[in-house]
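Spelled out, the chains give:
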Amino acid sequence: MQQKDDNNKDLIDNIKTPAEKKAEDIEFWRNEHGHPSYKFLQSLADDGSPRALEKIKSIATDLNANFDSNTSVEELIRLIRSATRSGPNTTT
């Protein structure tokens with residue numbers, strides 16, 4: 001079943017225009033390098049796995065967000081979003 005899903009994803013990826021693919025690549029890079037989208041953070045929160053929670057904590061740590069072991073996932077997301085909006089490289 002996984003192979004079929006992978007093949008379907010490859011087919012869909014091949015149908016995308018270059019502009020769509022570029023936008024998707026940019027979003028992926030931002031999600032992985034410290035400026036994650038709300039959608040990406042929420043998908044990690046919805047996942048609920050220990051690995052997803054560690055990813056959220058890692059992002060928060062990289063952005064110097066102040067949190068402790070009692071900080072909720074929702075609060076971590078708020079802290080991350082706040083840090084990415086007010087960072088030194090943020091433009092308005």
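Please read these numbers as outputs of a predicted model, since none were measured by experiment.

Novice: How should I be thinking about the environment of L79 in this particular structure?
Specialist: Position of L79 relative to the elements: it lies in helix 5 (residues 73-85). On the basis of relative accessibility, which here comes to 17%, the residue L79 falls in the buried class. Sequence spacing of L79 and N64 is 15 residues, and the spatial spacing of their C-alpha atoms is 9.5 Å. Not counting residues up to four positions away in its chain, the partners in contact with L79 are A65, N66, F67 and T71.

Novice: Would you take a moment to explain the side chain of T71 for this structure?
Specialist: Looking at the secondary structure, you find T71 in the loop between helix 4 (50-62) and helix 5. Polar side-chain contacts of T71 include one of 2.9 Å to the backbone nitrogen of D68. In contact with T71, not counting residues within four places along its chain, are L76 and L79.

Novice: Even after reading the chapter, I still don't get helix 4, so can you show me in this structure?
Specialist: Taking 1.5 Å per residue as the helical rise, helix 4 with its 13 residues ought to reach 18 Å, and the 18 Å between its terminal C-alpha atoms agrees with that figure. The complete set of buried residues in helix 4 reads A52, I56, I59 and A60. Taken end-on, helix 4 shows its buried residues confined to a sector of 100°, consistent with a single buried face. Exposed and oriented more than 90 degrees from the buried face of helix 4 are P50, R51 and D62.

Novice: Teacher, can you tell me more about the pattern of salt bridges here?
Specialist: Between side chains of opposite charge, a pair can form when the charged atoms approach closely. Under the counting rule described, the total for this entry stands at one salt bridge. Between E75 and R78 there is a salt bridge whose closest N-O contact spans 2.6 Å. One end of the pair, E75, and the other, R78, are both in helix 5, three residues apart, so they sit about a helical turn from each other. Look at E75 and you get partly exposed, because its relative accessible area is 29%. What makes R78 partly exposed here is its relative accessible area of 45%.

Definitions and limits used
Residues numbered from 1 in each chain as written. Predicted model: local features only at pLDDT ≥ 70, side-chain atom pairs only at ≥ 80, totals over all residues. Heavy atoms only, no water. Helix = DSSP H or I, 4+ residues; strand = E, 2+ residues; numbered from the N terminus. Buried < 20%, exposed > 50% of the residue type's maximum accessible area, 1.4 Å probe, protein only. Contact = heavy atoms within 4.5 Å. Polar contact = N/O pair within 3.5 Å; in protein donor to acceptor, adjacent residues only side chain to side chain. Expected span 1.5 Å × (residues − 1). Arc of directions from axis to C-beta. Salt bridge = Lys/Arg side-chain N within 4 Å of Asp/Glu carboxyl O.

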